[in-house]
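# Coordinate analysis (summary)
Below are the chains, spelled out letter by letter.
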Amino acid sequence: HMELWALLDFVSKSHVGDKKDFKQYYEKALKAGMKMDASQHELRQRILRQADLRRLIDEWMLQRTKEVLSGEMPKKTDNIVFCKLADAQREVYARVLDSPDYVALRNMH
C-alpha cells in the first residue's frame, strides 16, 4: 500500500495526504477487512476503501494496455547471441543439469 501511496502522492502532487494519513485511512481498513474473522463493518469499510482507491487510480494514473500501445510501439525484435560460458558458469550449469530436481523435470516428458 505504501508503494501505491508514493505513486499517487507523486502524480497527484500530494493530493492524497501524507503517508501516515494514507496508512491510517486505507491500509488499516484494507487489512482489517481481509482477515478471516472480519466483522461486517470491517468488510464494508474495506469495500469502501477499495472503491476510493480505484477512483484515485482512475483519476490520477493512466493505464495503457498492450492493445492501446500496439500501434505506437515498434515491432519487437530478438537478438540471439551465443557465447561461451566462463569456467565458473559452466560448473554451475553442470550442477543444475545434474540436480535431482532438474533430472526429475527432464524425465517428466
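The structure reproduced in this document is the subject of the present report.

Reading the values: the criteria
Residues numbered from 1 in each chain as written. Predicted model: local features only at pLDDT ≥ 70, side-chain atom pairs only at ≥ 80, totals over all residues. Heavy atoms only, no water. Salt bridge = Lys/Arg side-chain N within 4 Å of Asp/Glu carboxyl O. Helix = DSSP H or I, 4+ residues; strand = E, 2+ residues; numbered from the N terminus. Buried < 20%, exposed > 50% of the residue type's maximum accessible area, 1.4 Å probe, protein only. Core = buried A, V, L, I, M, F, W, Y, C linked by side-chain atoms within 4.5 Å. Contact = heavy atoms within 4.5 Å.

The next thing to look at is the pattern of salt bridges. A side chain of one charge can pair with a side chain of the opposite charge if their charged atoms are brought near each other. Per the counting criterion, the structure on display carries six salt bridges. Salt-bridge contacts for Asp58 lead to Arg54; the nearest nitrogen and oxygen are separated by 3.1 Å. With Asp58 and Arg54 both in helix α3 (residues 40-60), this residue pair falls four residues apart, about one helical turn. A relative accessible area of 51% places Asp58 in the exposed class.

Counting eight residues, the largest nonpolar core is built from Trp5, Leu8, Val16, Phe22, Tyr26, Leu30, Leu53 and Leu56. When residues of this core are traced back to their parent elements, those giving at least two are α1 (2-11), α2 (19-34) and α3. With three residues, α2 is the single largest residue contributor to this core. Each residue touching Leu53, except ones within four places of it in the same chain, is listed here: Leu4, Phe22, Tyr26 and Leu30.

Take the environment of Tyr26 next. For Tyr26, the position within the fold is in helix α2. Between the alpha carbons of Tyr26 and Trp5 there is a distance of 9.7 Å; along the sequence they are 21 residues apart. Apart from the residues lying within four places of it in its own chain, the contact partners of Tyr26 are Arg49, Asp52, Leu53 and Leu56.

It is worth stressing that arrangement in space is one thing and function is another; only the former is reported here.
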